[in-house]
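# Structure assessment
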Amino acid sequence: MAKPTIPLTVMPGRAADAHVVKAPPVVELGTENDYACGSCGTVLLRANAGQVHNVLFECSRCRALNRADL
Ligand SMILES: [Zn+2]
């Protein structure tokens, strides 16, 4: 069975104190779900529900900032 791919929320700008992670390469923290860039659909993060809070992922492809708060 294919994993669900869940789009992340694209942020308009970056908070000065936010923790920003660049992806891809896909950040693998868990196995449950794939989370994709809300702009271009590239998978950025693999994690379990409830595992990631308030982290920004900068998409290496389109530079969109995606907020992950699962
Ligand atoms: Zn993207």
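For the structure itself, consult the block above.
Procedures and definitions
- Residues numbered from 1 in each chain as written.
- Predicted model: local features only at pLDDT ≥ 70, side-chain atom pairs only at ≥ 80, totals over all residues.
- Heavy atoms only, no water.
- Pairing = 2+ DSSP bridges.
- Helix = DSSP H or I, 4+ residues; strand = E, 2+ residues; numbered from the N terminus.
- Axes fitted to C-alpha atoms, helices over the stretch in contact; angles between N-to-C directions.
- Buried < 20%, exposed > 50% of the residue type's maximum accessible area, 1.4 Å probe, protein only.

### Observations regarding the sheet that holds strand β2 (residues 9-11)
Picture the strands of a sheet paired through backbone hydrogen bonds; they go either parallel or antiparallel. Taken in spatial order, the 4 strands make up an open sheet running β2-β8-β7-β3, and their pairing is mixed. Looking at which strands have only one partner, the edges of the open sheet turn out to be β2 and β3 (20-23). Neighbouring strand axes in the sheet, compared pairwise and without regard to direction, differ in orientation by 40 degrees on average. The pairing of strand β7 (residues 55-59) with strand β8 (residues 65-68) spans 4 bridges and is antiparallel. Each bridged residue has a counterpart across the sheet, and for Leu56 the counterpart in β8 is Arg67.

### Concerning the sheet that holds strand β5 (residues 33-36)
Here we have 4 strands laid out as an open sheet, ordered β1-β5-β6-β4, and mixed in their pairing. Each edge of the open sheet carries a strand with a single partner, namely β1 (5-7) and β4 (27-28). Pairing between β5 and strand β6 (residues 43-47): 4 bridges, direction antiparallel. Pairing of Ala36 across the sheet is with Val43, part of β6.

### Concerning the pairing of β7
In terms of residue burial, β7 counts as a mostly covered element, since 5 of its 5 residues are buried. Burial along β7 is two-sided: Val55, Phe57 and Cys59 and Leu56 and Glu58, pointing in opposite directions, are all buried. Two elements, β3 and β7, share 4 bridges in a ladder whose sense is parallel. Residue pairing across strands places Val20 opposite Leu56, the latter belonging to β7. Hairpin connection between β7 and β8: a loop of 5 residues separates the two successive antiparallel strands, and Arg63 in this loop has a positive phi of roughly 70 degrees.

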